[in-house]
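# Descriptive structure summary
As a plain string of letters, each chain reads:
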Amino acid sequence: MLNNDELLLILADSKDATAVYDSAELRIRFVNEGMLAFWGKDNSIKGKTLSEAIPELRVQPFEQLLLKVWASGETYSATDTPATLLIDGNPKTSFFDFEYRPIKDVSGKTIAILHTAIDVTSRLLALKQVEEKQKREDELIAELTATNQSVKLANESLSGINNDLRASNESINRLNERLLESETDFKRLVAQSPVAIMVFRGPELVIELVNQPMLDILHRDDSVIGYPILMSMPELKGEPAVELIFEVYRSGKGFDGNEAPVKMMRNGETETRYFNFSYRPLMDGGRVVGVMDIAVEVTGQVLSRRRLEAIISEKTVLEHHLRANEQRLQGILDTIAEGVVIVNENGTPIYSNPMAWKIMGIDAATFTDRRYNDAKWKNERIDGSTLPAEDHPMHIALRTGMAVYDQEIAILMPGKEKIFISVNAAPLINEHERVSACIVTFTDVTSRRKILQEKDDFISVASHELKTPVTSLKASLQLLTRLIPAETPGMAAKLVDQANRSLNKLSDLINALLNSNRLSQGRFPVHRSHFKIAELINECCQHIRTAGTHQIVLNGDRQLEINADEQLIDQVLINFVNNAVKYAPQSKEIIIEVTASDVEIKISVTDFGPGIPREKLPHIFERYYRANHISQQVSGLGLGLFISAEIIRNHGGKIGAESEEGKGSTFWFALPRN
Ligand code: ADP
């Protein structure tokens, strides 16, 4: 059996590093070279406790582990455990496989701990290197896998791209086809468009496309295609419309023009035409490559609008004149001394001027609801008889469409003095040739009428007063005639004869004056009797036959009898015949004609003298009216026809005259048979 020291010697030779602790304080009993090398210490540490010998171990777990082994009596071993020790004053960490084995006595009590250790640092490092290499390899493998993955993905997407590429190639092909189609479509569209279209390419504006309407405008054929515009149509150089196309090409901005004038050659002459046009740049990849010109000719519209404008401005001038005229007219109407009234076709006033209001003595407002035959007043003839509505000048103008001149009427308004007005009434004819209104002018002749009345009164009195002396003069002359013996020649008889004739004339004149007054006052009794008209005519023409200047021709039924006042009809006939002799001295013949119908007997006297002017004819039956210039050299009062008319009117008959200047006149009257 080896003793302890012998055992320790064996341990000292052991290749493994060994130490022995023989107390619970871990006093180092033995340590070999191997262990000292590990610890970086020398033999001086023998007999010291572990913490005294290696203070740096105090902060490491080893002491605790040793104490636990001492107390428990159980071996503790560990591998690859790091321990940091001061080697040559520098801390160094190495790795160890180690074992703490308790040494026990027979009773099982721990009497020592055998500590063996192997430095495995280099093994660990190698292991670490292997590990790191492995790790790197793993990483590389991972990386490779990832790369493979992405290569796979890339491959996949590549094939996707390839697919896309193929698809896009196909669609490009399709697009190209469609482009070709649409280009053809576009060309067809241009060709068939009713609107003029021209397409230019390049900065020189080479005509690429042009349709027939455009060629018609330009007056060209399609030989212009393929040439720059200014080469094929040099006359357009400098034309603003063409300059603009160049501008659109340069700027890339479209331009629209309205009613732009363009000078053009037509049949060898320059002519201005008007166009609405639109220039649009043709773009390719953001670059201008051409210009499209779309034009619509509006020459017709422009010219007709201008004509219209000219008409309108002419109309404006006319309107201006019209307005000025209207104002002038208004001024005249406002100030003239004549009343002016316009009535519509029903006779209702639609206009009246201030003088009309003044003459009638009613205000403007009242005027508009008064008709000429208003029940509020009475219309009279100048002789005082009632004027029936149908004889009113307005009525005549409205119903017959004939103008009435200078007709005097009296108006009697309640509570007012009778007024006399002289009326002119003229119809207004509308575009359908119908009477649509009547314009009436009138003057107040009340004072003139009064003077005439006074004159009539005077004539009446004077002629009455003259009648008595003339009658006694006539009686005296008759006595004187009887006193002169029939066979007495010479002066006396001649003078008496002359005196007689003058006196007869004077007496006729006085009678005419008296009669006219009586007539105008309606004081003229008619004494009817039956007599043969031919006989009456013969008697009253006797003096003319005697004179021998005219030949009297009597036509018609000589047996015809008439029922009338013989004396008055005689007066009418004498007047007609005397007038024919007086006013138609050159007329050789005077024709008297008697015609009869069932209802009336008409007697007319025709001469072939100078006749009566047309405008005077309507007045010749008026009192004191004398028509002819010639008549001024023929004496007369202008009463004969007036008296005749009154006589015939009192018989309920009609009287009238027809005449043509230079050819002769016919005066007639007609009496009802019963
Ligand atoms: P007086 O003979 O006194 O003038 P009348 O009343 O008989 O008056 O005639 C009126 C007017 O008519 C005349 O002044 C005359 O101008 C015109 N006149 C009448 N009879 C004729 C006639 N036969 N030819 C032309 N004019 C006539």
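Shown above is the structure to which this text applies.
In what follows, the accompanying structure is described. (Residues numbered from 1 in each chain as written. Predicted model: local features only at pLDDT ≥ 70, side-chain atom pairs only at ≥ 80, totals over all residues. Heavy atoms only, no water.)

### Some remarks on the packing of helix H15 (residues 533–540) against helix H17 (residues 566–583)
To keep things clear, this is the line we draw: Working convention: axes come from line fits to C-alpha atoms, limited for helices to the stretch in contact. Angles between N-to-C directions cover 0 to 180 degrees. Going along the chain from the N terminus, every DSSP run of H or I of four or more residues is numbered as a helix, and every run of E of two or more is numbered as a strand. Reported orientations rely on four angle classes, namely roughly parallel under 35 degrees, roughly antiparallel over 145, roughly perpendicular from 65 to 115, and oblique for the rest. Handedness of each helix crossing follows the sense of rotation of the near helix against the far helix: counterclockwise by less than a right angle gives left-handed, clockwise gives right-handed. Note on contacts: a residue pair is in contact if any heavy atoms of the two residues lie within 4.5 Å. Polar here means any residue other than Ala, Val, Leu, Ile, Met, Phe, Trp, Tyr, Cys and Pro, which are nonpolar, and Asp, Glu, Lys and Arg, which are charged; Gly is therefore polar.
Between H15 and H17, the shortest axis-to-axis distance is 10 Å and the interhelical angle comes to 55°. Relative to H17, the element H15 is oriented oblique. Regarding H15 and H17, the two cross each other, and that crossing is right-handed. The segment H15 lies against H17, with Ile 533, Leu 536, Ile 537 and Cys 540 engaging Glu 566, Ile 569, Asp 570, Leu 573 and Ile 574. Looking at the contact of H15 with H17 residue by residue, the classes come out as 7 nonpolar, no polar and 2 charged.

### Thoughts on helix H12 (residues 393–400)
Short version of the rule: When accessible area is computed with a 1.4 Å probe and restricted to protein chains, residues below 20% of their type maximum are described as buried, those above 50% as exposed, and intermediate ones as partly exposed.
Along H12, the residues that are buried comprise Pro 393, Met 394, His 395, Ala 397 and Leu 398. In this fold, the buried residues of H12 make contact with strand S11 (339–344), strand S14 (404–412), strand S15 (419–429) and strand S16 (435–444). Of the residues trailing H12, Gly 401 is marked for its positive phi of about 75°.

### Some points on the pairing of strand S10 (residues 287–297)
Rule in force here: Strands pair, by our definition, only if DSSP identifies at least two bridges between them.
Pairing analysis gives 6 bridges linking strand S6 (residues 196–201) to S10, with the strands arranged antiparallel. Within the sheet, the bridge partner assigned to Ile 197 lies in S10 and is Ile 294. Pairing between strand S9 (residues 269–284) and S10: 10 bridges, direction antiparallel. Opposite Tyr 279, over in S10, you have Asp 293 as the bridge partner.

### A closer look at the nonpolar core
Our working rule: By convention a nonpolar core is built from buried Ala, Val, Leu, Ile, Met, Phe, Trp, Tyr and Cys residues, the set being connected through side-chain atoms within 4.5 Å. The split of the chain into domains comes from an automatic or database domain assignment.
Counting 46 residues, the largest nonpolar core has Ile 533, Ile 569, Leu 573, Ile 592, Ile 620 and Phe 669 as the members making the most contacts within it. Here this core takes 7 residues from H17, the largest share from any one element. Taken domain by domain, this core gets at least three of its residues from each of domain 4 (450–520) and domain 5 (529–672). Ignoring sequence-local partners within four residues, the contact set of Ile 533 consists of Leu 560, Ile 562, Ile 569, Leu 573, Val 594 and Ile 603. Formed by 29 residues, the second largest nonpolar core is a distinct cluster that contains Ala 196, Met 214, Ala 260 and Tyr 279.

### Brief notes about the side chain of Glu 239
For Glu 239, the location among the structural elements is in the loop between helix H7 (229–232) and helix H8 (240–251). If we ignore the near neighbours within four places in the chain, the residues touching Glu 239 are Pro 261, Val 262 and Lys 263.

### Some details on the pattern of salt bridges
If the charged atoms of two oppositely charged side chains come close together, the side chains can form a pair. Stated formally: Salt bridge, as used here: a side-chain nitrogen of Lys or Arg that lies within 4 Å of a carboxyl oxygen of Asp or Glu.
Using the criterion set out here, one finds 26 salt bridges in the structure. Of the charged contacts in the structure, one is a salt bridge between Arg 273 and Glu 297, with a shortest N-O distance of 3.0 Å. Residue Arg 273 is located in strand S9, and its partner Glu 297 is located in strand S10; the two are separated by 24 residues in the primary sequence. The buried category is assigned to Arg 273, whose relative accessible area is 19%. Lys 378 is paired through a salt bridge with Glu 380; the nearest N and O atoms lie 3.2 Å apart.

### Overview of empty space enclosed by the protein
Sizing a probe to match a water molecule and rolling it over the atoms shows the empty space that remains. Threshold: In this analysis, the protein atoms alone were mapped onto a 1 Å grid. Cavities are point sets where a 1.4 Å probe fits without being able to get out; pockets are open sets with protein on both sides within 12 Å along at least five of seven lines; lining residues have an atom within 4 Å of a point. Grid points are joined across faces, edges and corners, and a volume is the space filled by probe spheres set on the points.
Taken as a whole and judged by the stated rule, the model has 3 cavities of 30 Å³ or more. Along the walls of the largest cavity sit 16 residues, with Leu 218, Ala 241, Val 262, Tyr 279 and Asp 293 positioned nearest its centre. Elements with a minimum of two residues in the lining of the largest cavity: helix H6 (212–218), H8, strand S8 (255–266), S9 and S10. Taken together, the residues of the lining of the largest cavity break down into 15 nonpolar, no polar and 1 charged.

### With respect to the packing of H17 against helix H18 (residues 640–650)
Relative orientation of the contacting elements H17 and H18 amounts to 145°, with a least axis distance of 9 Å. Handedness of the H17/H18 crossing: left-handed. Side by side, H17 and H18 meet where Leu 568, Ile 569, Gln 571, Val 572, Asn 575, Phe 576 and Asn 579 of the first sit next to Gly 640, Leu 641, Ile 643, Ser 644, Ile 647 and Ile 648 of the second. In the contact of H17 with H18, the residues fall into 8 nonpolar, 5 polar and no charged.

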